[in-house]
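# Coordinate analysis (summary)
Residues per chain are reported as follows:
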Amino acid sequence: MERRHARYPFLGDARRAVQEAGVDLVEVVRAEDAVVERAAERVESAITERDVGESAHSDRVELLSYPVARVIVSIVDENVCTRYYAEAEASRAADRFREDFGREDGRAAITRTAVLREFDLGAAVTPRRDGGFAVGVAAYLRHASSLRGDEWRLANRALDRGDVPVSEPELDDLLREAVEERVREGLPLSVPDAIGDALDAEVAAIRETLADLDLTREIDTVVPDLFPPCMQHLLDAVQRGDHLAHHSRFALTAFLGNIGLSTDEIVELYEVNPGFGEEMTRYQTDHIKGESSPTEYTAPSCATMQAYGDCVNPDALCEHISHPLSYYEAKLDDADEEELEDWREERGTEGTAE
Ligand code: SF4
């Protein structure tokens, strides 16, 4: 196993190196604590720091921790965990590509040409005289379609004889996207019990971190159509003028606050219900949002919602999440950027879904 494999564990030849070494993953997760520890750190750090953490000194530990981390992500099986993990691996790879592509001392672990070949881009990408590159349209679309930002839309690109001209940093963005897709490929894996059982403690710790995570930090777009069924149900009940139990009202208010509604906007939503006095609603909302108290409360998890009978009409996505905010975040992720723009315009906000 070489240093290159440890630096770029998602490459095909890193996988082959693991196979050729006859590594038995069951044995590794049972007996190689350093590998399991580093694998758990990769995932934990990805969801808390958006980074896969410090590399292990041993190339073997670093390389083997990658497949074990993918196994952990598969068992956790939460959209937000898989996404943060793949993004963090891709981000680390992009940093390393930058180091290696620019090296002139002959010590680069990999060249850009080799990476392009790895992702079947060798024939599709050619250097241009201006220092940039020309990328075949099909290859461009394959990797640019999931990148955010209007500048990546084909309609905003001047085609050059059927190729898309891109700058060097843009090509590296496309490679980073290709790495992210590679890391996500096949997830969640189906994990044999013998491996899953040995990783029980690591999986439980990561689930706990996810439950504690401030999932609100990236959500600032309000699209009621994408609310989880429980919150849609509660919102409908408010608007119908129904009485809401204290726990239900807390859950809805915290959810609305977490996704970025101001106290005024929340009070306005409740106003249609004559059972809600404005002053009391404002007081409670400020308290829950942390504006008149030291804590900003997070909406309850699905387990708590279920315990209080507030989990209503769960759908297929509900089977893969453990928090109403994760549901909403997953829906925002899947929503078409144009649809989100329309919703933002309707609401008159400049919020972003990133
Ligand atoms: S499973 Fe969670 S998100 Fe889905 S309806 Fe129940 S509480 Fe809401």
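What counts and what doesn't
Residues numbered from 1 in each chain as written. Predicted model: local features only at pLDDT ≥ 70, side-chain atom pairs only at ≥ 80, totals over all residues. Heavy atoms only, no water. Near = heavy atom within 4 Å. Nonpolar A, V, L, I, M, F, W, Y, C, P; charged D, E, K, R; others polar. Salt bridge = Lys/Arg side-chain N within 4 Å of Asp/Glu carboxyl O. Helix = DSSP H or I, 4+ residues; strand = E, 2+ residues; numbered from the N terminus. Buried < 20%, exposed > 50% of the residue type's maximum accessible area, 1.4 Å probe, protein only. Pairing = 2+ DSSP bridges. Expected span 1.5 Å × (residues − 1). UniProt positions renumbered as here; feature names shortened; annotations may be inferred. Contact = heavy atoms within 4.5 Å. Polar contact = N/O pair within 3.5 Å; in protein donor to acceptor, adjacent residues only side chain to side chain. Axes fitted to C-alpha atoms, helices over the stretch in contact; angles between N-to-C directions. Parallel < 35°, antiparallel > 145°, perpendicular 65-115°, else oblique. Left-handed = near helix turned anticlockwise from the far one by under 90°. Phe/Tyr/Trp six-rings, centres within 6.5 Å; stacked < 30°, edge-to-face > 60°. Lys NZ or Arg CZ within 6 Å of the ring centre and 35° of its normal.

The subject of this paragraph is the site of the ligand. By nearness alone, every residue bordering the ligand is listed as Pro228, Cys230, Cys302, Met305, Cys311, Val312, Pro314, Cys318, Ile321 and Pro324. Considering only residue class, the shell around the ligand consists of 10 nonpolar, no polar and no charged.

Before going further, it helps to spend a moment on the pattern of salt bridges. Scanning all chains against the criterion turns up 21 salt bridges. Across the pair arginine 98 and aspartate 95 runs a salt bridge, and its minimum N-O distance is 2.6 Å. Placement of the pair is arginine 98 and aspartate 95 together in helix α6 (residues 79-101), with a separation of three residues, close to one helical turn. In this structure arginine 98 comes out as exposed when scored by relative accessible area, which is 52%. Using a relative accessible area of 33% as the deciding quantity, one classes aspartate 95 as partly exposed. Because the salt bridges share partners, they merge into one network encompassing Arg38, Glu41, Arg42, Glu62 and Glu89.

Right, let's get into the pairing of strand β2 (residues 133-136). Residues Phe133 and Val135 line one face of β2 and the alternating positions Ala134 and Gly136 line the opposite face, and both faces are buried. Two elements, strand β1 (residues 125-127) and β2, share three bridges in a ladder whose sense is antiparallel. Counted as the bridge partner of proline 127 is phenylalanine 133 from β2. Pairing analysis gives four bridges linking β2 to strand β3 (residues 163-166), with the strands arranged antiparallel. Looking at β3, one finds that valine 135 is bridged to valine 164.

Time to look at α6. With 23 residues, α6 extends 32 Å between its outermost C-alpha atoms, agreeing within 8% with the 33 Å of an ideal straight helix rising 1.5 Å per residue. Where burial is concerned, most of α6 is hidden: 18 out of the 23 residues are buried.

Bringing the UniProt feature "binding site: [4Fe-4S] cluster" (unreviewed entry) in the chain into the picture now. The feature "binding site: [4Fe-4S] cluster" (unreviewed entry), as annotated in UniProt, sits at Cys230, Cys302, Cys311 and Cys318 in this numbering. Despite a sequence span of 89 residues, these residues sit close together in the fold, their greatest C-alpha distance being 10.1 Å. The topology assignment puts cysteine 302 in helix α16 (residues 302-307). A relative accessible area of 16% places cysteine 302 in the buried class. In contact with cysteine 302, other than residues within four places in its own chain, are Ile321, Ser322, His323 and Pro324. A relative accessible area of 29% places cysteine 311 in the partly exposed class. Not counting residues within four places of it along the chain, the set of residues in contact with cysteine 311 comprises Cys230, Met305 and Gln306.

Checked against the element boundaries, arginine 38 lands in helix α4 (residues 33-49). Polar contacts involving the side chain of arginine 38 include one to the side chain of glutamate 41, which spans 3.1 Å. A polar contact is formed between the side chain of arginine 38 and the backbone oxygen of glutamate 54, at a distance of 3.4 Å.

As a further point, take the sheet that holds β3. Pairing is antiparallel in the open sheet, where three strands are placed in the order β1-β2-β3. In this open sheet, the two strands that pair with only one neighbour each are β1 and β3. When the angles between neighbouring strand axes are averaged without regard to direction, this sheet yields 25°. Contacts from helix α8 (residues 137-144) reach β2 and β3 within the one sheet, and its direction differs from that of β2 by about 90°.

The geometry of helix α5 (residues 59-76) relative to α6 is characterised by a closest axis approach of 9 Å and an angle of 160° between their N-to-C directions. Comparing their axes, α6 and α5 come out roughly antiparallel. Between α5 and α6, the contacting residues are Tyr66, Ala69, Arg70, Val73 and Val76 on the first element and Cys81, Thr82, Tyr85 and Glu89 on the second. Of the residues in the contact of α5 with α6, the class split is six nonpolar, one polar and two charged.

In this section: the packing of helix α13 (residues 246-258) against helix α15 (residues 278-288). Closest axis-to-axis distance for the α13/α15 pair is 10 Å, and the angle between their directions is 60°. Our pair here, α13 against α15, has a crossing hand that is right-handed. Residue-level contacts link Arg249, Phe250, Thr253 and Ala254 of α13 to Thr281, Gln284, Thr285 and Ile288 of α15. For the contact of α13 with α15, the residue count by class is three nonpolar, four polar and one charged.

Here the focus is the packing of aromatic side chains. The way to describe two aromatic rings as a pair is by their centre distance and the angle between their planes. Tallied over the entire structure, the rule returns seven aromatic pairs. Both rings, one in tyrosine 8 and one in phenylalanine 97, keep their centres 5.3 Å apart while their planes meet at 20°; by these two values the pair is stacked. A residue pair is termed long-range when its members are at least 10 positions apart, and tyrosine 8 in the loop between α1 (3-7) and α2 (12-20) and phenylalanine 97 in helix α6 qualify at 89 residues. Overall, the relative accessible area of 0% leaves tyrosine 8 in the buried class. The class of phenylalanine 97 is buried, set by a relative accessible area of 2%. Ring pairs connect the aromatic residues Tyr8, Phe10, Phe97 and Phe101, which therefore count as one cluster. The aromatic ring of tyrosine 84 is capped on one face by arginine 50, whose charged end is 3.8 Å from the ring centroid. The ring of tryptophan 152 carries arginine 157 above its face, with NZ or CZ at 5.3 Å from the centroid.

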